[in-house]
Amino acid sequence: MQLSISKMKQINSIQNPFIKSLVLLQEKPKARKQLGTFLIEGKREISLALKGGYEMETILFLPELISETETRLLSKNAELIEISKEVYQKLAYRDTTEGILAIAKAKSMQLSDLKLSKNPLILVAEATEKPGNIGALLRTADAANLDAVIIANPKGDLFNPNIVRSSVGCLFTNQVASGTSNEIIAFLKERNISIYCATLQNSTPYHTQDYRTPTALVVGTEASGLTDEWRNAATQNIIIPMQGEIDSMNVSVAAAILIFEAKRQRGF
């Protein structure tokens, strides 16, 4: 199924059927799944998506904020549609805007699509719900140049506009896949990738382990941590020692600590 758009190059009304369909694309995971497309906002994000091999179907731009010439540099043969300020404000999420949005084709996020190095370093996040946390994990993974980020038992689709926005385009700069915990554990074990699970139970301090060989670092939710399935499958359960009153920290912060210890051991 494809979004139906007219031949017009200008849209000025939020009541336009095409604009209404884009609002659904923003708000409804079902619409994104059915259409196989999603919205991207911002020049940097669109540029990173293009660099990451994503195909743009349509570019919408507000001429008061970005010129047609500049827009065409990002279009890569996509259809261009000039929109009014009212339409842009209806579709845009950010307060600080750049006047450009794109309709992009979603990519497959199958485990089988991942292309790993001989000595991969992978982040696995189980059942992470908050888009902001997923975005932060993707930004950290990009900063560390990880081989892949795998989301286990995802609670929603990864093309949620809040994830696209909070990752500041790092959804497109990382190799990303998703699957069930059982599928991911089998995938890792088939490739002899050691599994280090961040958990309170039966754990050893994270900095005592060797992450210089093929490694997957696994983090869970802040509320309930990792499931037994992961803890039982682990090569070693690890813990970040706490010196205060609480026994856990934000999942993205915990992941960053583990990732950069592994990078340190590998000589960055």
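Residues numbered from 1 in each chain as written. Predicted model: local features only at pLDDT ≥ 70, side-chain atom pairs only at ≥ 80, totals over all residues. Heavy atoms only, no water.

K.L.:
Describe in detail the side chain of arginine 32, supporting the description with residues and values.
P.N.:
Mapping arginine 32 onto the fold places it in helix 2 (residues 29-35). Ignoring sequence-local partners within four residues, the contact set of arginine 32 consists of Leu25, Gln26, Glu27, Thr37, Phe38, Asp157, Phe159, Asn160 and Pro161. (Helix = DSSP H or I, 4+ residues; strand = E, 2+ residues; numbered from the N terminus. Contact = heavy atoms within 4.5 Å.)

K.L.:
If you had to explain the sheet that holds strand 5 (residues 100-105) to someone new, which residues and values would you point to?
P.N.:
Across the sheet, which stays open at both edges, the five strands sit in the order 1-4-3-5-2 with mixed pairing between neighbours. A strand with exactly one partner marks an edge of an open sheet, and here the two such strands are strand 1 (10-11) and strand 2 (37-41). One ladder, built from two bridges, connects strand 1 with strand 4 (residues 79-83); its direction is parallel. Looking at strand 4, one finds that glutamine 10 is bridged to glutamate 82. Contacts between helix 1 (residues 17-27) and the sheet are confined to strand 1, strand 2, strand 3 (56-61), strand 4 and strand 5, with strand 2 contributing the most and set at about 90 degrees to the helix. (Pairing = 2+ DSSP bridges. Axes fitted to C-alpha atoms, helices over the stretch in contact; angles between N-to-C directions.)

K.L.:
Any chance you could break down empty space enclosed by the protein for me, citing the residues and the numbers?
P.N.:
Applying the stated criterion to the full structure yields one cavity of 30 Å³ or more. By volume, the largest cavity is sized at about 100 Å³. Lining the largest cavity are Gln26, Leu39, Ile40, Glu41, Glu45, Tyr93, Arg94, Leu101, Pro161, Val164 and Arg165. Those elements that provide at least two residues to the lining of the largest cavity are strand 2 and helix 7 (161-166). Considered class by class, the residues forming the lining of the largest cavity number six nonpolar, one polar and four charged. (1 Å grid on protein atoms, 1.4 Å probe; cavity = no way out; pocket = protein on both sides within 12 Å on 5 of 7 lines; lining within 4 Å. Points joined across faces, edges and corners; volume = space filled by probe spheres on them. Nonpolar A, V, L, I, M, F, W, Y, C, P; charged D, E, K, R; others polar.)

K.L.:
Tell me about unusual backbone geometry, and please be specific about residues and values.
P.N.:
One non-glycine residue, lysine 76, lies in the positive phi region at around 50 degrees. Here lysine 76 is to be found in the loop between helix 4 (68-75) and strand 4. When its relative accessible area of 57% is taken as the criterion, lysine 76 is described as exposed. (Buried < 20%, exposed > 50% of the residue type's maximum accessible area, 1.4 Å probe, protein only.)

K.L.:
How would you sum up the pattern of salt bridges? Please name residues and give values.
P.N.:
Inspection of the entire model under this criterion finds nine salt bridges. Ionic pairing is found between arginine 72 and glutamate 68, a salt bridge with its closest N-O pair at 2.8 Å. Within this pair, arginine 72 and its partner glutamate 68 are both found in helix 4, separated by four residues, close to a single helical turn. Residue classification places arginine 72 among the partly exposed positions, given a relative accessible area of 47%. The exposure class of glutamate 68 is partly exposed, given its relative accessible area of 37%. (Salt bridge = Lys/Arg side-chain N within 4 Å of Asp/Glu carboxyl O.)

K.L.:
I'd like a rundown of the packing of aromatic side chains, residues and numbers included.
P.N.:
Throughout the structure, instances matching the rule amount to six aromatic pairs. Taking 4.9 Å as the distance between ring centres and 85 degrees as the angle between the ring planes, the aromatic pair formed by tyrosine 196 and tyrosine 211 counts as edge-to-face. One end of the pair, tyrosine 196, is in strand 9 (residues 194-198); the other, tyrosine 211, is in the loop between strand 10 (204-205) and strand 11 (215-219), with 15 residues separating them in the sequence. The two residues tyrosine 196 and tyrosine 211 agree in class, both being buried. Ring pairs connect the aromatic residues Phe38, Tyr54, Phe159 and Phe172, which therefore count as one cluster. Between the NZ or CZ atom of lysine 107 and the centre of the ring of tyrosine 54, over which it lies, the distance is 4.7 Å. (Phe/Tyr/Trp six-rings, centres within 6.5 Å; stacked < 30°, edge-to-face > 60°. Lys NZ or Arg CZ within 6 Å of the ring centre and 35° of its normal.)

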